[in-house]
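The lines below spell out each chain.
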Amino acid sequence: MKPTNLVVSYLGVLASLQLIDPTVANTALVQAGRALNMHGSTLAFAASISTLAQAATVLLMGFLGDRLGRRRVLAASLLLTIAGDLIALLAPTAGLFLLGRALVGIALGSILAASFAAVRFVSRPEQLGRALGLWNLLIVAGFILGSLLGGVLADSSWRLALGLVPLIALLCLPLLPVLVPEMPANRDLKADVPGLITIAAAMVLVLTGVSHAVTGFKAPAFWAPTGAGLVMFAVHLAIERRRSEPIFPVALYGRGCFAAAIVSGIAWNFAQAVVQLQTSNFWQLVQHFSTSQVALAQLPLLVCFGAGGVVVGRLMAPGRRTTQLMAGGCITLVVGVIWLGWIQPESTYLSLVPGLLLVGLGLAFVAVPQSALFVQEAPARYFGAVTAFRTTSGQLGFALGFAASGAMVNGFGFASLRERLLKLGATPAEIPALEAKARAALSSGVLSHGKASASTVEKVLAGAYANGLTGTMVVVGLLVGLLGAISLLLLVIGHQQQRREQLVAEPQPLSQG
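Model, not experiment: these values are computed from the prediction.

On to the packing of aromatic side chains. Applying the stated criterion across every chain yields a total of 14 aromatic pairs. Taking the centre distance of 6.2 Å and the plane angle of 85 degrees together, the rings of Phe-233 and Tyr-253 count as edge-to-face. Residue Phe-233 is found in helix H10 (residues 220-242), and its partner Tyr-253 is found in the loop between H10 and helix H11 (256-285); the two are separated by 20 residues along the sequence. Taking relative accessible area as the criterion, Phe-233 reaches 26% and is therefore assigned partly exposed. Here Trp-268 and Phe-305 contribute two aromatic rings whose centre-to-centre distance is 5.7 Å and whose plane-to-plane angle is 70 degrees, an arrangement assigned as edge-to-face. A residue pair is termed long-range when its members are at least 10 positions apart, and Trp-268 in helix H11 and Phe-305 in helix H13 (residues 299-315) qualify at 37 residues.

What follows is about helix H3 (residues 70-90). Each α-helix turn comprises 3.6 residues. Residues three or four places apart therefore point the same way. Taking 1.5 Å of rise per residue, the 21 residues of H3 would be expected to cover 30 Å, and the 30 Å separating its terminal C-alpha atoms lies within 8% of that figure. Arg-70, Arg-71, Val-73, Leu-74, Ser-77, Leu-78, Thr-81, Ile-82, Gly-84, Asp-85, Ala-88 and Leu-89 are the residues of H3 that are buried.

Attention now goes to the packing of H3 against helix H4 (residues 94-121). One can describe the packing of H3 onto H4 by two numbers: an axis separation of 8 Å at closest approach and a directional angle of 155 degrees. Classified by the angle their axes make, H3 and H4 are roughly antiparallel. Note on packing geometry: the crossing formed by H3 with H4 is left-handed. In the contact of H3 with H4, the residues fall into 18 nonpolar, 6 polar and 3 charged.

Given a rise of 1.5 Å per residue, 32 residues ought to cover 46 Å, and the 45 Å separating the end C-alpha atoms of helix H1 (residues 4-35) matches this to within 8%. Along H1, the largest kink reaches about 50 degrees and is centred on Leu-29. Just downstream of H1 lies Asn-37, where phi reads positive at about 60 degrees.

What follows covers a nonpolar patch on the surface. On the surface, Leu-479, Leu-482 and Ile-486 cluster together into a nonpolar patch covering about 240 Å² of accessible area. Structurally, Leu-482 can be placed in helix H19 (residues 456-505).

This brings us to the nonpolar core. Formed by 134 residues in total, the largest nonpolar core has its most connected members in Leu-11, Phe-97, Trp-135, Phe-248 and Phe-282. At 16 residues, the largest contribution of residues to this core is made by H11. When near neighbours in sequence (up to four residues on either side) are disregarded, Phe-282 contacts Gln-287, Ile-343, Gln-344, Pro-345, Leu-352, Tyr-465, Ala-466 and Leu-469. Counting residues in each nonpolar core, the second largest holds 10 residues, with Ala-55, Phe-222, Ala-399 and Ala-403 among its members.

What follows concerns the side chain of Gln-370. Residue placement: Gln-370 occurs in helix H15 (residues 349-377). Look at Gln-370 and you get buried, because its relative accessible area is 1%. Those residues in contact with Gln-370 that sit more than four places away from it in its chain are Ala-261, Ser-264, Gly-265, Trp-268, Met-326, Arg-390 and Ser-393.

Attention now moves to the environment of Leu-103. Looking at where Leu-103 falls in the secondary structure, it is placed in helix H4. Here Leu-103 falls in the partly exposed class, since its relative accessible area comes to 23%. Sequence spacing of Leu-103 and Ala-83 is 20 residues, and the spatial spacing of their C-alpha atoms is 8.0 Å. Setting aside its immediate chain neighbours within four residues, Leu-103 contacts Leu-80, Gly-84 and Ile-87.

Moving on, we come to the packing of helix H2 (residues 40-68) against H4. Close contact between H2 and H4 brings their axes to 7 Å; oriented N to C, the two are set at 40 degrees. Between H2 and H4, the crossing angle belongs to the class labelled oblique. For the pair H2 and H4, the sense of crossing is right-handed. Together, Phe-45, Ala-46, Ile-49, Ser-50, Ala-53, Gln-54, Thr-57, Val-58 and Met-61 of H2 and Phe-97, Leu-98, Arg-101, Ala-102, Val-104, Gly-105, Ile-106, Leu-108, Gly-109, Ser-110 and Ala-113 of H4 make up the contact between the two elements. Residue classes in the contact of H2 with H4 are distributed as 13 nonpolar, 6 polar and 1 charged.

Side-chain pairing between opposite charges can occur once the charged atoms of the two side chains come close. In the structure shown here, the tally under the stated rule is 9 salt bridges. With its nearest N and O atoms 2.8 Å apart, the salt bridge here joins Glu-126 to Arg-124. A salt bridge links Glu-245 to Arg-381, with the nearest nitrogen and oxygen atoms 2.9 Å apart. A residue pair is termed long-range when its members are at least 10 positions apart, and Glu-245 in the loop between H10 and H11 and Arg-381 in the loop between H15 and helix H16 (383-414) qualify at 136 residues. A relative accessible area of 32% means that Arg-381 is categorised as partly exposed. Among the ionic contacts, a cluster of salt bridges with common partners joins Asp-21, Asp-85 and Arg-101.

The next thing to look at is the environment of Ile-168. Tracing the backbone shows Ile-168 in helix H7 (residues 164-172). Measuring from C-alpha to C-alpha, the distance between Ile-168 and Gly-146 comes to 9.3 Å, with 22 residues separating the pair along the chain. Ignoring anything within four residues of it in the chain, the contact list for Ile-168 reads Leu-17 and Ile-20.

What counts and how
- Residues numbered from 1 in each chain as written.
- Predicted model: local features only at pLDDT ≥ 70, side-chain atom pairs only at ≥ 80, totals over all residues.
- Heavy atoms only, no water.
- Phe/Tyr/Trp six-rings, centres within 6.5 Å; stacked < 30°, edge-to-face > 60°.
- Helix = DSSP H or I, 4+ residues; strand = E, 2+ residues; numbered from the N terminus.
- Buried < 20%, exposed > 50% of the residue type's maximum accessible area, 1.4 Å probe, protein only.
- Expected span 1.5 Å × (residues − 1).
- Axes fitted to C-alpha atoms, helices over the stretch in contact; angles between N-to-C directions.
- Parallel < 35°, antiparallel > 145°, perpendicular 65-115°, else oblique.
- Left-handed = near helix turned anticlockwise from the far one by under 90°.
- Nonpolar A, V, L, I, M, F, W, Y, C, P; charged D, E, K, R; others polar.
- Bend = angle between axes of the 7 residues up to and from the residue.
- Patch = residues over 30% accessible without salt bridge, like charges linked within 9 Å, V, L, I, M, F, W, Y side chains within 5 Å.
- Areas by Shrake-Rupley, 256 points an atom, 1.4 Å probe, with all protein chains shown as cover.
- Salt bridge = Lys/Arg side-chain N within 4 Å of Asp/Glu carboxyl O.
- Core = buried A, V, L, I, M, F, W, Y, C linked by side-chain atoms within 4.5 Å.
- Contact = heavy atoms within 4.5 Å.

What follows is the structure in structure tokens.
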């Protein structure tokens, strides 16, 4: 058997594709949209189709890993990644581009779920924390290098940029049977078709609704699909309670440690989305960073996230050590987010670095124990589907952070727009049109670079955005703290459940009469 560190590192590189691909694809999307005549709703759909396809199929892929064997599923997923991206980069029409991106989303969700589940099978139980820390480090390192290279390629050609991920997949494919051992497959498992369909529909509906939160929480585009998704999830639970072979036992939701893994996963993905998106927008709109400068500015956060994962992996131990590490991570994450809340238009980059470092460390000290909780709580028969649910909860948290932070920046920033416009010399008659244009820019999350001769709207956006970001970061810090507190409470409940189960399982001494 190959050394554990080598195998885990390889699995981390595979998992990093799930982060590299959307970053590169979104960078190339503007050029692709022009070349393939994609505009408006079609372009927005092209940006989200990979995520939606992944959300709809990741639990199925986790099940297939259990049913067919993870190495076989990883091989098929790498081939599907290559095929999907080739279809997209060679596409002469928007339809074929969308098809390719959907196939890539399915494949990369499968790779992430299967590689995460495989870490447990190539590591001894006492090595699991270290293995997960190393896996996390390679994901972050791969993402940094891949996204930087993808950005350079996108400057030359969007088709060339979309060739990066299939090239990496092609290079990794022959190493799979060499490095990754065969893992057990359970051919007796049967697909829970109603359960898979209802959970897929619930996730797609919720993610679609959440993506429209920037239009306002009262907008039908937000609450209609989100509400329908929650109803569908209730239907899913009702179906699963009656199934003899569910995707995974519904009773898991009642276990404190499993619930803590879900809530903490939503929390750290929510925080990561907010910080990375909104600091990027701040640097571009207010401080006029180029795209490559923004990528470099994010490095302190990403390096601490990767290196911190290795540290926390080495510190992990069964029992309350997990609770202590996660508590420290939550506190560090909240402090880092609130630090960034003091941001001002004139803030120097160096003044933000401590906040980025704290956020990176906080993410690591929450994410690695959270991953271990999914592994700990997954029953052997349902291991693939349960561990794949880690991806599902993470997607939900990231989508909430992306959309909700846009809505909050809009709300906090828009409150001072009229006053700012008047100070810049706009007439009362001009204000309604200027407010509408500024509000649309604040909501979109796609903000223009400032220039020396900036328009009135661009000038007012810089001040309004910085003002909106301050309020947003404070609220996000409080929300993350609340979710962290709920996670810790659930962990305490989970540990109590485990102790009761151990007492029941221990043989009782015979009474002597």
